[in-house]
Amino acid sequence: MSKLKLGVIGAGRIGKVHIATLVQSVPETEVVALADVNIDGAQQLAAQYGISFVSSDYREIIKHPDVEAVVICSPTDTHARYIVEAAQAGKHIFCEKPVDLSIDVIKNAIAEVKKAGVKLMVGFNRRFDPNFRKVHDMVASGKIGEPSILKITSRDPNPPSPQYIAVSGGMFLDMTIHDFDMARYIAGSEITEVYVKAAVLVDKAIGEAGDVDTAIITLTFANGAIGVIDNSRKAVYGYDQRLEIFGTKGMVTADNNFPDNHRYFTDDGIHGALPLNFFMDRYLDAYSTELKLFCDAIVHDKPVPVGGEDGLMSVAIGLAAKKSVAEGRPVKISEILA
């Protein structure tokens, strides 16, 4: 069987992760083309992984005759445009989140993908973390009965720069967007309303940039369950990623991942390792699995596990969260999608 040929747009941090994953962990694929505006960096990466074609122009990847699918790892404000152009060129698409910060722009991109008859997968990698997938499967199989309460803790080890915040859409659209997708995925139900209490408690520069860095988010689900997400841009002890879901027949939890599981007992306490401190360490397996499933969906013509509509809903919830903070009230997701 011939290998699925991929082109990657973006040779930054996440682009490097995806290229390494494809080359080292997905043997049924071949990365044949790479583009980045930083051509020197792209050429170095291409030489490292044996990628034959390199360009500073993303359009060269989309129109490349050998490329069957495009992996978009470029800045947020390029995602939707690249999706539309790739779809019109008949290429399947994997795109990092978010698709865009505008509901109308996302809807248009989804429509172009459907019109072209290609596949679009959005990179919500946390769904593919082994711990969270196990929780999802247990909930879906009825192990905890009807879900009642979902709790998600999501705290980063360090805040981003104000410059990043200025283009990312803010905490709810660059960080909490993963938690909104996880909430939908784990609860097995759509979020219908959000109510947010937020503050600037980590870095006043974030507030000066117009964003928040600490939040408690209350969720209402269509199936009647309720949920809460707590976010912070800085946890001094590492990358804090936990969840709990409680139902009529029981409860299931997922804890942090650690570099080792040792415990040291002395007369002054019990000591152990801190949680993994970087999202690429914490979710390394998840990045690998999501790309394997994307490629498998193309090769065997199956639905992708996370589609454009999932990308749309998570952005809608993020925009509702921002509106809730601005107006100090609960906001229905239908208000954003109208």
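Residues numbered from 1 in each chain as written. Predicted model: local features only at pLDDT ≥ 70, side-chain atom pairs only at ≥ 80, totals over all residues. Heavy atoms only, no water.

Draft legend 1. Molecular detail of the overall build of the protein chain. Of the regular secondary structure elements, the protein chain holds 14 helices and 15 strands. A globule of 338 residues ought to have a C-alpha radius of gyration of about 20 Å, and the protein chain, at 20 Å, matches this closely. Going through the 338 residues of the protein chain one by one, you find that 52% of them count as buried. Taking all contacts inside the protein chain whose residues are at least 6 apart in sequence as the whole, residues at least 24 apart take part in 70%. Accessible area for the protein chain stands at about 15,200 Å²; split by element, carbon and sulfur atoms hold 52% of it. The centroid of the 35 positive side-chain charges in the protein chain is displaced by 3 Å from the centroid of its 43 negative side-chain charges. (Helix = DSSP H or I, 4+ residues; strand = E, 2+ residues; numbered from the N terminus. Rg over C-alpha atoms; globule rule 2.2 N^0.38 Å. Buried < 20%, exposed > 50% of the residue type's maximum accessible area, 1.4 Å probe, protein only. Contact = heavy atoms within 4.5 Å. Areas by Shrake-Rupley, 256 points an atom, 1.4 Å probe, with all protein chains shown as cover. Lys, Arg positive; Asp, Glu negative; His and termini not counted. Charge placed at Lys NZ, Arg CZ, Asp CG, Glu CD.)

Draft legend 2. Representation of helix H13 (residues 308-327) within the structure. Here H13 contains 20 residues, and its C-alpha end-to-end distance of 29 Å stays within 8% of the 28 Å for a straight helix at 1.5 Å per residue. Taken from the residues just after H13, Gly328 is the one with a positive phi, measuring 65°. (Expected span 1.5 Å × (residues − 1).)

Draft legend 3. Focus on the sheet that holds strand E10 (residues 226-232). Sheet architecture is open: seven strands sit in the order E12-E11-E7-E10-E9-E8-E15, paired in mixed fashion. Every other strand in the sheet has two partners, leaving strand E12 (250-254) and strand E15 (331-332) as the edge strands with one partner each. Note that strand E8 (residues 191-199) and E15 share two bridges and pair antiparallel. Bridge pairing in E15 places Val194 opposite Val331. Here helix H6 (residues 130-140) sits on the sheet in contact with strand E7 (147-155), strand E11 (240-247) and E12, set at roughly 165° to E12. Packing against the sheet, H13 makes contact with E8 and E15, and its axis sits at approximately 45° to E8. (Pairing = 2+ DSSP bridges. Axes fitted to C-alpha atoms, helices over the stretch in contact; angles between N-to-C directions.)

Draft legend 4. The pattern of salt bridges, seen in detail. Evaluated as defined, the whole model comprises 20 salt bridges. Here Lys119 and Asp301 are joined by a salt bridge, their closest N and O atoms 3.1 Å apart. Of this pair, Lys119 sits in the loop between helix H5 (103-116) and strand E6 (120-123) while Asp301 is found in the loop between helix H12 (284-299) and H13, placing the two residues 182 residues apart along the sequence. For Asp301, a relative accessible area of 62% corresponds to the exposed category. Here Asp310 ties to Arg184 by a salt bridge, and the two come within 3.2 Å at their closest N and O atoms. (Salt bridge = Lys/Arg side-chain N within 4 Å of Asp/Glu carboxyl O.)

Draft legend 5. Representation of a nonpolar patch on the surface. Together, Ile149, Ile226, Phe246 and Met251 give the surface a local cluster of nonpolar side chains, amounting to about 350 Å² of exposed area. By the element assignment, Phe246 lies in strand E11. (Patch = residues over 30% accessible without salt bridge, like charges linked within 9 Å, V, L, I, M, F, W, Y side chains within 5 Å.)

Draft legend 6. Representation of the packing of aromatic side chains within the structure. Using the criterion set out here, one finds four aromatic pairs in the structure. Aromatic side chains Tyr58 and Tyr82 sit 4.0 Å apart centroid to centroid with 25° between the ring planes, which places their arrangement in the stacked category. Residue Tyr58 is found in helix H3 (residues 58-62), and its partner Tyr82 is found in helix H4 (residues 76-88); the two are separated by 24 residues along the sequence. Like Tyr58, the residue Tyr82 is buried in the burial classification. Measuring from centroid to centroid gives 6.1 Å for Tyr239 and Tyr283, while their planes differ by 90°, and the two rings are edge-to-face. Of this pair, Tyr239 sits in the loop between E10 and E11 while Tyr283 is found in the loop between helix H11 (279-282) and H12, placing the two residues 44 residues apart along the sequence. For the pair Tyr239 and Tyr283, one class covers both residues: buried. (Phe/Tyr/Trp six-rings, centres within 6.5 Å; stacked < 30°, edge-to-face > 60°.)

Draft legend 7. Quick look at the side chain of Thr29. The topology assignment puts Thr29 in strand E2 (residues 29-35). Of the polar contacts made by the side chain of Thr29, one reaches the backbone oxygen of Val26; its length is 2.9 Å. (Polar contact = N/O pair within 3.5 Å; in protein donor to acceptor, adjacent residues only side chain to side chain.)

Draft legend 8. Geometry of unusual backbone geometry. In this structure, the amide linkage connecting Lys97 to the following residue, Pro98, adopts the cis form with an omega of -15°. Mapping Pro98 onto the fold places it in the loop between strand E5 (92-96) and H5. If you check the backbone angles, Asp301 has positive phi at about 50° while not being a glycine.

Draft legend 9. Quick look at the pairing of strand E13 (residues 263-266). Note: E13 against strand E14 (residues 269-272), four bridges, orientation antiparallel. Among the inter-strand pairings, Phe265 is bridged to a residue of E14, identified as Ile270.

Draft legend 10. Looking closely at the packing of H4 against H5. Two numbers describe how H4 lies on H5: the axes approach to 8 Å, and their chain directions differ by 15°. For the element pair H4 / H5, the angle class is roughly parallel. Crossing handedness for the pair H4 and H5: left-handed. Residue-level inspection shows Ala80, Ile83, Val84, Ala87 and Gln88 of H4 in contact with H5, the latter providing Val105, Asn108, Ala109, Glu112, Val113 and Ala116. Of the residues belonging to the contact of H4 with H5, the class tally is eight nonpolar, two polar and one charged. (Parallel < 35°, antiparallel > 145°, perpendicular 65-115°, else oblique. Left-handed = near helix turned anticlockwise from the far one by under 90°. Nonpolar A, V, L, I, M, F, W, Y, C, P; charged D, E, K, R; others polar.)

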